Amino acid sequence: MLRFTEDHEWLRLDGDVATVGITAHAAEQLGDLVFVELPKVGARLKKGDAAAVVESVKAASDVYAPVDGEVVEANEAVASEPASVGADPQGEGWLYRIRLSDPSVLAALLDEDAYARIAK
């Protein structure tokens, strides 16, 4: 199940762990990424916390936690190759994985159709 936030993050749930990244729309708006800062494994995040930073030649942007939980994995490949986020933002360009504290919060996130309406 793919869900989105109004801040242009996506998440894909697998059991109680969600993979999180920035949307293709966000990647397009940022342009070529030159730096990615990932959260530390073990970090406890609250929904809305700044979890990661993506920086392009245009701007630096915080990536916010879409849910409460604990970071269980960070995609170190994107830290060493930031351009991979822009090349495949909703695939190999994922940023981190978080174990959800409360999976019921997914209901408050946007589905693909709702996100498409705001990402114009």
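Basis of the calculations
Residue indices follow the written sequence of each chain, beginning from 1 at its first position. Reporting of local features is limited, given that this is a predicted model, to residues whose pLDDT is at least 70; pairs of side-chain atoms are given and counted only at 80 or more, and all residues count toward the totals for whole chains, interfaces and linings. In computing side-chain values, all of the structure's heavy atoms are included and hydrogens and water are not. UniProt positions are given in the numbering used here, feature names are shortened, and annotations may be inferred rather than shown by experiment. In this description a helix means any DSSP run of H or I spanning at least four residues, a strand means any run of E spanning at least two, and both kinds are numbered starting from the N terminus. Only protein chains enter the calculation, and the probe is 1.4 Å; a residue is then buried if its accessible area is under 20% of its type maximum, exposed if over 50%, and partly exposed in between. Residue contacts are defined here by distance: any two heavy atoms, one from each residue, within 4.5 Å place the two residues in contact. Throughout this description, a polar contact denotes any pair of N or O atoms lying within 3.5 Å of each other; where both atoms belong to protein, one of them has to be capable of donating a hydrogen while the other can accept it, and for residues adjacent in sequence the pair is counted only when both atoms sit in side chains. Using a grid of 1 Å spacing that covers the protein atoms alone, one calls a set of points a cavity when a 1.4 Å probe fits there but cannot get out, and a pocket when the set is open and has protein on both sides within 12 Å along at least five of seven lines; lining residues are those with an atom within 4 Å of a point. Grid points are joined across faces, edges and corners, and a volume is the space filled by probe spheres set on the points. In this classification, the charged set is Asp, Glu, Lys and Arg, the nonpolar set is Ala, Val, Leu, Ile, Met, Phe, Trp, Tyr, Cys and Pro, and all remaining amino acids, among them Gly, are polar. What goes into a patch is any residue over 30% in relative accessible area without a salt bridge, connected to like charges within 9 Å or, for nonpolar side chains (Val, Leu, Ile, Met, Phe, Trp, Tyr), within 5 Å. Accessible surface is estimated by sampling points in the Shrake-Rupley manner with a 1.4 Å probe; for residues, cover comes only from the protein chains shown. Salt bridge, as used here: a side-chain nitrogen of Lys or Arg that lies within 4 Å of a carboxyl oxygen of Asp or Glu. Any two strands with at least two DSSP-identified bridges between them are counted as paired. Working convention: axes come from line fits to C-alpha atoms, limited for helices to the stretch in contact. Angles between N-to-C directions cover 0 to 180 degrees.

Looking at an unreviewed UniProt entry, one finds the protein chain named Glycine cleavage system H protein, with Methylobacterium jeotgali as its source organism. Comment text from UniProt for the protein chain, heading Subunit (unreviewed entry), reads "The glycine cleavage system is composed of four proteins: P, T, L and H."

> What should I look at first to understand the UniProt feature "modified residue: N6-lipoyllysine" (unreviewed entry) in the protein chain in this one?
Sequence positions flagged by UniProt for "modified residue: N6-lipoyllysine" (unreviewed entry) are, in local numbering, K58. Relative to the assigned elements, K58 resides in the loop between strand 6 (50-56) and strand 7 (60-64). Judged by its relative accessible area of 60%, K58 falls in the exposed class. With near-sequence residues (within four places) excluded, K58 lies in contact with Q29 and L30. Of the polar contacts made by the side chain of K58, one reaches the backbone oxygen of Q29; its length is 3.4 Å.

> Please clarify how the layout of surface pockets should be interpreted in this entry.
Unoccupied space between atoms shows up once a probe the size of one water molecule is rolled over them. Space inside the largest pocket adds up to approximately 160 Å³. Forming the boundary of the largest pocket are D7, H8, E9, I22, A26, Q29, L30, V54, S61, D62, V63 and Y64. Elements with a minimum of two residues in the lining of the largest pocket: helix 1 (24-30) and strand 7. Here the lining of the largest pocket takes four residues from strand 7, the largest share from any one element. A class-by-class count of the residues in the lining of the largest pocket yields six nonpolar, three polar and three charged.

> Would you take a moment to explain a nonpolar patch on the surface for this structure?
A cluster of nonpolar side chains, namely V34, F35 and V57, defines an oily patch on the protein surface of about 290 Å² accessible area. Its location among the elements puts V34 in strand 4 (residues 33-37).

> What's the story with the sheet that holds strand 7 in this structure? I'm lost.
Consider a sheet: its strands pair through backbone hydrogen bonds, and that pairing is either parallel or antiparallel. Sheet architecture is open: three strands sit in the order 4-6-7, paired in antiparallel fashion. What marks the edges here is a single partner per strand, and that holds for strand 4 and strand 7. Each strand of the sheet is rotated relative to its neighbour by a mean of 20°, with strand direction disregarded. Where strand 6 lies against strand 7, five bridges are found, and the strand directions are antiparallel. Bridge pairing in strand 7 places E55 opposite A60.

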